[in-house]
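Coordinate analysis (summary)
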Amino acid sequence: WKDKYPAFAWCADHGDGWYLPAIEELNVLLLNDEVHSKVNGTLEQKRGSVMYSKRDNKWYWSSTEDNKRYAWFVNMFYGLTRSDNRGNDLFVRAVSAF
């Protein structure tokens, strides 16, 4: 199941309270400078992987599905949202609810 659902597996491996953000949350996390900075500070304290800078051309998955095979993702550099096959190799950034 970990190969089929890598984002879910990443969250499960990090313990309780971690989840993959919805598309609306991901837009705020990635594109709002103040939120981006605060979340990165928290991730550093918890020894998590920080988010890339908005200067980097990186794509992040959200938990929001478009249909059974496709999910929505956000581009850091352009601020674009797109839907693509969930099997594609994009970045996962889980967040903690606590």
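The coordinates are above.
In this report, we go over the structure that sits alongside the text. (Residues numbered from 1 in each chain as written. Predicted model: local features only at pLDDT ≥ 70, side-chain atom pairs only at ≥ 80, totals over all residues. Heavy atoms only, no water.)

1. A closer look at the sheet that holds strand E2 (residues 59-65)
Read from one edge of the open sheet, three strands run E2-E3-E4, paired in antiparallel fashion. In this open sheet, the two edge strands, each paired with only one partner strand, are E2 and strand E4 (81-85). Each strand of the sheet is rotated relative to its neighbour by a mean of 40°, with strand direction disregarded. Where strand E3 (residues 70-75) and E4 come together, five bridges link them in antiparallel fashion. From the neighbouring strand, Phe 73 faces E4, where its bridge partner is Arg 82. Where helix H2 (residues 23-31) meets the sheet, it contacts E2, E3 and E4, and its direction lies at approximately 15° from that of E3. (Pairing = 2+ DSSP bridges. Helix = DSSP H or I, 4+ residues; strand = E, 2+ residues; numbered from the N terminus. Axes fitted to C-alpha atoms, helices over the stretch in contact; angles between N-to-C directions. Contact = heavy atoms within 4.5 Å.)

2. Quick look at the pattern of salt bridges
The full count for this structure, using the stated rule, is three salt bridges. A salt bridge links Lys 38 to Glu 34, with the shortest nitrogen-to-oxygen separation between them at 3.5 Å. Of the two residues, Lys 38 and Glu 34 both sit in helix H3 (residues 33-45), four residues apart, roughly one turn of that helix. Grouping residues by exposure puts Lys 38 and Glu 34 together as exposed. With a shortest N-O distance of 2.5 Å, Arg 86 and Glu 65 are connected by a salt bridge. With Arg 86 in the loop between E4 and strand E5 (95-96) and Glu 65 in strand E2, the pair connects residues that are 21 residues apart, well separated along the chain. We classify Glu 65 as partly exposed; its relative accessible area is 48%. (Salt bridge = Lys/Arg side-chain N within 4 Å of Asp/Glu carboxyl O. Buried < 20%, exposed > 50% of the residue type's maximum accessible area, 1.4 Å probe, protein only.)

Distances and angles like these do not, on their own, reveal function.
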